Amino acid sequence: MEKREVYDAQINESLSILLESLEDHDTIKAYKRIEKKIDKHDGLKEMVEQIKQLQKEAVKFAHYDKPNAEKEMLRQADELQEAFDHHPLVLEYRECLVEANDLLHHLTSLLQSQVNESLEKLLNEKE
C-alpha cells in the first residue's frame, strides 16, 4: 500500500469519526430538532407563501404604475414578515443556527491550526 493511500484511509476514517461526533453533539441535535419543527409547521409555510404572493402583487402593481396599491402590498408583506421574524420557532431556529455555526467555525479553526502545525513540522524536518 502506498503512503498516500495510507494517509487517505486515515483521513477518511478521521473524517467519519468527526462527522459522527458532530451528529451526536447537543448543539447539532438541537438545530436539527428545531429545523424539523419548522419544516412541519404549516402556519409558517403559509406565511412564507403569503409574503411571496404579496411581494409579487407589489411588483405587478409597480409595473402597472399603481403606487398606492404597490405600497399597500409591501406594507402587508412587511407586516407578515415581522410576524414571521418574531415567531417563537423562528427565533429559536435562528438561535440554534448561530450556535451550530459557531461550533462549526470553532472546529474549522482548530482543524486549520492543526493542519498548519503538521505542515510546518514536516517542512522543518526536511530542512
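Everything in this summary refers to the structure shown in the same document. Since we're looking at a predicted model, the values are computed, not measured.

### A few points about the overall build of the protein
When helices and strands are counted, the protein shows five helices and zero strands. Taken from the N to the C terminus, the helices and strands of the protein come in the order α-α-α-α-α. Relative to the 2.2 N^0.38 estimate, which gives 14 Å for 127 residues, the radius of gyration of the protein is 24 Å and therefore markedly larger than a compact globule would have. Here the C-alpha coordinates of the protein stretch approximately 75 × 30 × 25 Å along the principal axes. Burial statistics for the protein: of 127 residues in total, 17% are counted as buried.

### Some words on the packing of helix α3 (residues 42-63) against helix α4 (residues 67-85)
How two helices sit against one another is set out by the angle between their axes and by the gap between those axes. Running from N to C, α3 and α4 point in directions that differ by 160°, and their axes come no closer than 8 Å. When the interaxial angle is binned, α3 and α4 end up roughly antiparallel. The element α3 and its partner α4 pack so that their crossing is left-handed. Residues Leu44, Met47, Val48, Gln50, Ile51, Leu54, Gln55, Glu57, Ala58, Phe61 and Ala62 of α3 lie in contact with α4, whose contacting residues are Ala69, Glu70, Met73, Leu74, Gln76, Ala77, Leu80, Gln81, Ala83 and Phe84.

### Some remarks on unusual backbone geometry
Despite not being glycine, aspartate 65 shows a phi value in the positive range, around 55°. Here aspartate 65 is to be found in the loop between α3 and α4. Note on aspartate 65: relative accessible area 64%, which makes it exposed.

### Quick look at the layout of surface pockets
The computed volume of the largest pocket comes to approximately 420 Å³. Along the walls of the largest pocket sit Tyr7, Gln10, Ile11, Ser14, Leu15, Leu18, Leu111, Gln114, Val115, Ser118 and Leu119, which together make up its complete lining. Ranked by the residues each element gives to the lining of the largest pocket, the list is headed by helix α1 (residues 3-24), at six residues. Looking at the lining of the largest pocket residue by residue, the classes come out as seven nonpolar, four polar and no charged.

### Considering the pattern of salt bridges
Side chains bearing opposite charge may pair, as long as their charged atoms lie close to each other. Tallied over the entire structure, the rule returns six salt bridges. Residues glutamate 23 and lysine 32 are paired through a salt bridge, measuring 2.7 Å at the closest nitrogen-oxygen approach. Taking relative accessible area as the criterion, lysine 32 reaches 34% and is therefore assigned partly exposed. A salt bridge links aspartate 85 to arginine 94, with the shortest nitrogen-to-oxygen separation between them at 3.1 Å. Assessed through its relative accessible area of 38%, arginine 94 is described here as partly exposed. Residues joined by salt bridges that share partners form a network here, namely Glu72, Arg75 and Glu79.

### Considerations on the packing of aromatic side chains
Tallied over the full model, the rule gives one aromatic pair. Ring centres of tyrosine 31 and tyrosine 93 lie 5.6 Å apart, and the angle between their planes is 35°; on these two criteria the pair is classed as tilted. With tyrosine 31 in helix α2 (residues 26-40) and tyrosine 93 in helix α5 (residues 88-126), this pair connects stretches of sequence that are 62 residues apart.

Rules of the game
- Residues numbered from 1 in each chain as written.
- Predicted model: local features only at pLDDT ≥ 70, side-chain atom pairs only at ≥ 80, totals over all residues.
- Heavy atoms only, no water.
- Helix = DSSP H or I, 4+ residues; strand = E, 2+ residues; numbered from the N terminus.
- Rg over C-alpha atoms; globule rule 2.2 N^0.38 Å.
- Buried < 20%, exposed > 50% of the residue type's maximum accessible area, 1.4 Å probe, protein only.
- Axes fitted to C-alpha atoms, helices over the stretch in contact; angles between N-to-C directions.
- Parallel < 35°, antiparallel > 145°, perpendicular 65-115°, else oblique.
- Left-handed = near helix turned anticlockwise from the far one by under 90°.
- Contact = heavy atoms within 4.5 Å.
- 1 Å grid on protein atoms, 1.4 Å probe; cavity = no way out; pocket = protein on both sides within 12 Å on 5 of 7 lines; lining within 4 Å.
- Points joined across faces, edges and corners; volume = space filled by probe spheres on them.
- Nonpolar A, V, L, I, M, F, W, Y, C, P; charged D, E, K, R; others polar.
- Salt bridge = Lys/Arg side-chain N within 4 Å of Asp/Glu carboxyl O.
- Phe/Tyr/Trp six-rings, centres within 6.5 Å; stacked < 30°, edge-to-face > 60°.

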